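Chain residues, written in single-letter form:
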Amino acid sequence: VREAVVSTQSTGVYDRAADFHKILAGDERFNHIYADSPSHICFRVRGKVEIDYERAVEGLRRRGLYIEYYIDFFRLVPVNESFGEEQLRDVLDEIYDVVMKEC
């Protein structure tokens, strides 16, 4: 039974990630990287040559968003079932706003 639950949860993550990859690929504000990742959504903000990712993450945390970054890109893993397409779009708006205003 536990294996079935874990399998269902994994499938949910992969399904959400596939949907989120499509959304990100269509958003001109971001450079979608590692588009073939089955579980991670990785991207850079376009329009800025250099981004201070630590500063961006601090700005996002002040807004109540906890986003990972890895050297020179942001990374999301959609594990929460209640985090859907609308929430992703809201988070992308916040990321873009913080990067453009604070970094």
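Above this note sits the structure.
Below is a summary of the structure that appears in this document. (Residues numbered from 1 in each chain as written. Predicted model: local features only at pLDDT ≥ 70, side-chain atom pairs only at ≥ 80, totals over all residues. Heavy atoms only, no water.)

## Observations concerning helix H3 (residues 85–102)
Phase 1 of the analysis: Taking 1.5 Å per residue as the helical rise, H3 with its 18 residues ought to reach 26 Å, and the 25 Å between its terminal C-alpha atoms agrees with that figure.
Phase 2 of the analysis: Three or more residues of H3 are buried, namely Leu88, Val91, Leu92, Ile95, Val98 and Val99. Projected onto a plane normal to the axis of H3, the buried residues spread over an arc of 130° and lie on a single side. Opposite the buried face of H3, at more than 90 degrees from it, the exposed residues are Glu86 and Lys101. (Helix = DSSP H or I, 4+ residues; strand = E, 2+ residues; numbered from the N terminus. Expected span 1.5 Å × (residues − 1). Buried < 20%, exposed > 50% of the residue type's maximum accessible area, 1.4 Å probe, protein only. Arc of directions from axis to C-beta.)

## Structural notes on the environment of Leu65
Phase 1 of the analysis: Here Leu65 is to be found in the loop between helix H2 (53–62) and strand S3 (68–70).
Phase 2 of the analysis: Here Leu65 is in contact with Leu60, Val91 and Glu94, once residues within four sequence places are set aside. (Contact = heavy atoms within 4.5 Å.)

## Here we look at the environment of Val49
Phase 1 of the analysis: Checked against the element boundaries, Val49 lands in the loop between strand S2 (41–45) and H2.
Phase 2 of the analysis: Look at Val49 and you get exposed, because its relative accessible area is 87%.
Phase 3 of the analysis: Between the C-alpha atom of Val49 and that of Arg29, which follows or precedes it by 20 residues, the distance is 13 Å.

## Considering the packing of aromatic side chains
Phase 1 of the analysis: Within the structure shown, the criterion is met by 8 aromatic pairs.
Phase 2 of the analysis: Measuring from ring centre to ring centre gives 6.1 Å for Phe30 and Tyr96, while their planes differ by 75°; the resulting arrangement is edge-to-face. Placement of Phe30 in strand S1 (residues 30–33) and of Tyr96 in helix H3 is noted, with a sequence separation of 66 residues between them.
Phase 3 of the analysis: A residue is classified by how much of its surface remains accessible, and Phe30, at 2% relative accessible area, is buried.
Phase 4 of the analysis: Here Tyr96 falls in the partly exposed class, since its relative accessible area comes to 26%.
Phase 5 of the analysis: An aromatic cluster of three or more residues is present, and its members are Phe30, Phe43, Tyr53, Tyr69, Phe74 and Tyr96. (Phe/Tyr/Trp six-rings, centres within 6.5 Å; stacked < 30°, edge-to-face > 60°.)

## Comments concerning the state of the cysteines
Linking two cysteines covalently via their sulfur atoms produces the bond known as a disulfide.
Phase 1 of the analysis: Within this structure, the stated rule accounts for 0 disulfides.
Phase 2 of the analysis: With no disulfide of its own, Cys42 lies 18 Å from the sulfur of Cys103, the closest cysteine sulfur.
Phase 3 of the analysis: Judged by relative accessible area, which is 4%, Cys42 ranks as buried.
Phase 4 of the analysis: Its relative accessible area of 21% is what places Cys103 among the partly exposed residues. (Disulfide = S-S within 2.5 Å.)

## A word on the pattern of salt bridges
It is possible for side chains bearing opposite charge to pair when their charged atoms get close.
Phase 1 of the analysis: Following the criterion strictly, the structure yields 11 salt bridges and no others.
Phase 2 of the analysis: The residue Arg46 makes a salt bridge to Glu28 at a minimum N-O spacing of 3.8 Å. One end of the pair, Arg46, is in the loop between S2 and H2; the other, Glu28, is in the loop between helix H1 (2–25) and S1, and 18 residues separate them in sequence.
Phase 3 of the analysis: Residue classification places Arg46 among the partly exposed positions, given a relative accessible area of 39%.
Phase 4 of the analysis: One salt-bridge network, held together by shared partners, links Arg62, Arg63, Glu94, Asp97, Lys101 and Glu102. (Salt bridge = Lys/Arg side-chain N within 4 Å of Asp/Glu carboxyl O.)

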